[in-house]
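What follows is each chain in one-letter form.
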Amino acid sequence: MGLPLDHITVFEMAGLAPAPFAGLIMADFGANVIRVDRSQGFNADVLTSARNKRSIALDLKNPVAIQTLLELFKTADVLLDPFRPGVMEKLGLGPDVLLKQNPRLIYARLSGFGQRGPLSQTAGHDINYLAISGALSMIGRQGENPFFPVNILADFAGGGLMCVMGILMALMERSKSGKGQIIDANLTAGTSYLATFPYLMQKYGLVWEGERGSNMLDGGAHFYETYRTKDGQFMAVGAIEPQFYAVLLEKLQLSKDDTLPGQLDKEAWPAMKAKFQSIFATKTQQEWCAIFDGSDACVTPVLSFQDPIPNTDRKAEAPHPAPHLSRTPAKKPDVTQEDSPPFLAVGDNSIEILKEFGIASDQIEKLVTSNALVDAANGGGGKSKL
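What counts, and where the lines are drawn
Residues numbered from 1 in each chain as written. Predicted model: local features only at pLDDT ≥ 70, side-chain atom pairs only at ≥ 80, totals over all residues. Heavy atoms only, no water. Patch = residues over 30% accessible without salt bridge, like charges linked within 9 Å, V, L, I, M, F, W, Y side chains within 5 Å. Areas by Shrake-Rupley, 256 points an atom, 1.4 Å probe, with all protein chains shown as cover. Salt bridge = Lys/Arg side-chain N within 4 Å of Asp/Glu carboxyl O. Helix = DSSP H or I, 4+ residues; strand = E, 2+ residues; numbered from the N terminus. Buried < 20%, exposed > 50% of the residue type's maximum accessible area, 1.4 Å probe, protein only. Pairing = 2+ DSSP bridges. Arc of directions from axis to C-beta. Polar contact = N/O pair within 3.5 Å; in protein donor to acceptor, adjacent residues only side chain to side chain. Contact = heavy atoms within 4.5 Å. Axes fitted to C-alpha atoms, helices over the stretch in contact; angles between N-to-C directions.

Draft legend 1. Structural context of a nonpolar patch on the surface. A contiguous nonpolar patch, built from F197, Y199, L200, Y204, L206 and V207 and spanning about 580 Å² of accessible area, is present on the exposed surface. Considering the arrangement of structural elements, one finds Y199 in helix α9 (residues 196–203).

Draft legend 2. The arrangement of the pairing of strand β5 (residues 106–111) in detail. Counting buried positions over the 6 residues of β5 gives 6, a clear majority of the element. Judged by which residues are buried, β5 turns out to be covered on both faces: I106, A108 and L110 on one side and Y107, R109 and S111 on the other are all buried. Both strand β4 (residues 78–81) and β5 contribute to a ladder of 4 bridges, which runs parallel. Looking at β5, one finds that D81 is bridged to R109. As defined by bridge partners, β5 adjoins strand β6 (residues 181–186) across 6 bridges and the pair is classed as parallel. Considered in β6, the bridge of S111 is made with N186.

Draft legend 3. Structural context of helix α14 (residues 361–369). The set of residues buried in α14 consists of I364, E365, L367 and V368. Projected down its long axis, α14 carries its buried residues within an arc of 160 degrees, all on one side. Directly after α14, the chain includes N371, whose backbone phi takes a positive value near 60 degrees.

Draft legend 4. Expanded view of the side chain of K53. As for its placement among the helices and strands, K53 is situated in strand β3 (residues 53–58). Judged by its relative accessible area of 8%, K53 falls in the buried class. For K53, the side chain forms a polar contact with the side chain of E12, separated by 2.6 Å. If we ignore the near neighbours within four places in the chain, the residues touching K53 are E12, P20, G23, L24, A27, V33 and L344.

Draft legend 5. Spatial organisation of the environment of K355. You can see K355 is positioned in helix α13 (residues 350–356). Distance from K355 to P103, taken between C-alpha atoms, is 23 Å for residues 252 residues apart in sequence.

Draft legend 6. Spatial organisation of helix α3 (residues 63–73). In terms of residue burial, α3 counts as a mostly covered element, since 8 of its 11 residues are buried. Among the residues of α3, V64, A65, I66, T68, L69, L70, L72 and F73 are the ones counted as buried. If you check the start of α3, you find a side-chain oxygen 2.9 Å away from the backbone N of V64, and it comes from N62.

Draft legend 7. Summary view of the sheet that holds strand β7 (residues 224–228). If you trace the 3 strands from one edge of the open sheet to the other, you get β7-β8-β9, paired in antiparallel fashion. Strands with a single pairing partner mark the edges of an open sheet, and in this sheet they are β7 and β9 (299–301). Pairwise comparison of adjacent strand axes, ignoring direction, gives a mean angle of 20 degrees for this sheet. Both strand β8 (residues 234–238) and β9 contribute to a ladder of 3 bridges, which runs antiparallel. Looking at β9, one finds that A236 is bridged to T300.

Draft legend 8. Summary view of the sheet that holds strand β10 (residues 373–374). Spatially, β6-β5-β4-β1-β2-β3-β10 is the arrangement adopted by the 7 strands of the open sheet, whose pairing is mixed. Each having just a single partner strand, β6 and β10 make up the two edges of the open sheet. Where strand β1 (residues 9–13) and β4 come together, 3 bridges link them in parallel fashion. Along β4, the bridge assignment pairs V10 with V78.

What follows is the structure, given as structure tokens:
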């Protein structure tokens, strides 16, 4: 049985988090993803996102290497560009050049602030794109500084994942028109799009009308909050609907307390939060799991990828490809590699890839002898076994 993208060839110019993650998603679902590396060695981004990929390493300052890439890209379906705007153009690999020789190419550009505008050439990281997008202003405790959810939101969701969504839409359109196109998958715009719901809630004063950290979904409500347990672990509470809130109160043995304020009485939220804190502190995380597991109270343990709940083997499952497809699911990660990332040496597949794409032996030899190509499979350089 084939995989959804097993007819798609992707060239991923090696870069930081968003592009490797986009390539990882496509590789997991069957695409032939070839990482174009620039030098020997590795970094955390390319190492942890190497699964199901191959690598060719070329000196992008060498004209022979650039000419070879032009040949390889003639039959590519997708190109992932992780560089600042203008870098690929300076290399002679800009979209105008590549789309002219391969009109079916999907040229996906991942940048922080977009291809144009006053910030387009400015350096940044997840926290900066999160800030400019407006999303960061909504995240954090009341009266405290805005707080960022590590680099998941802008790098991987607003960047890599949004880029893949754009690629899939472009591939669907190509099936009708036969034409490729350029995708501007900038992390700021992608993150802003993810914030559509809170933006609209805030704009129209629905469930997001107060300052940061004082609303229902941002830490203001006692029924949408995390609480420390007796053993220093945490439980997450998300009992928004009245029927779920009723179960929560029952499990906390508060359902018969007639003096409790209404669930949506915002003035009472701080006092109710203090009450919940004192109650959750009386039992361990495992004891609370025994009380809430299987109920509709919307209360779950805060699990770690690393450490299980004390005295149990229960912990968060390692990330796997999602969503699940019934007929053509993604490739299953090798469970033997979960404790160490799959290693893909820079240039591990250089000669193999060049042959696969019909590059002549004399051209390959020229690349190797001029040090324009790193062939890790044959010792990193010099004469190769053609």
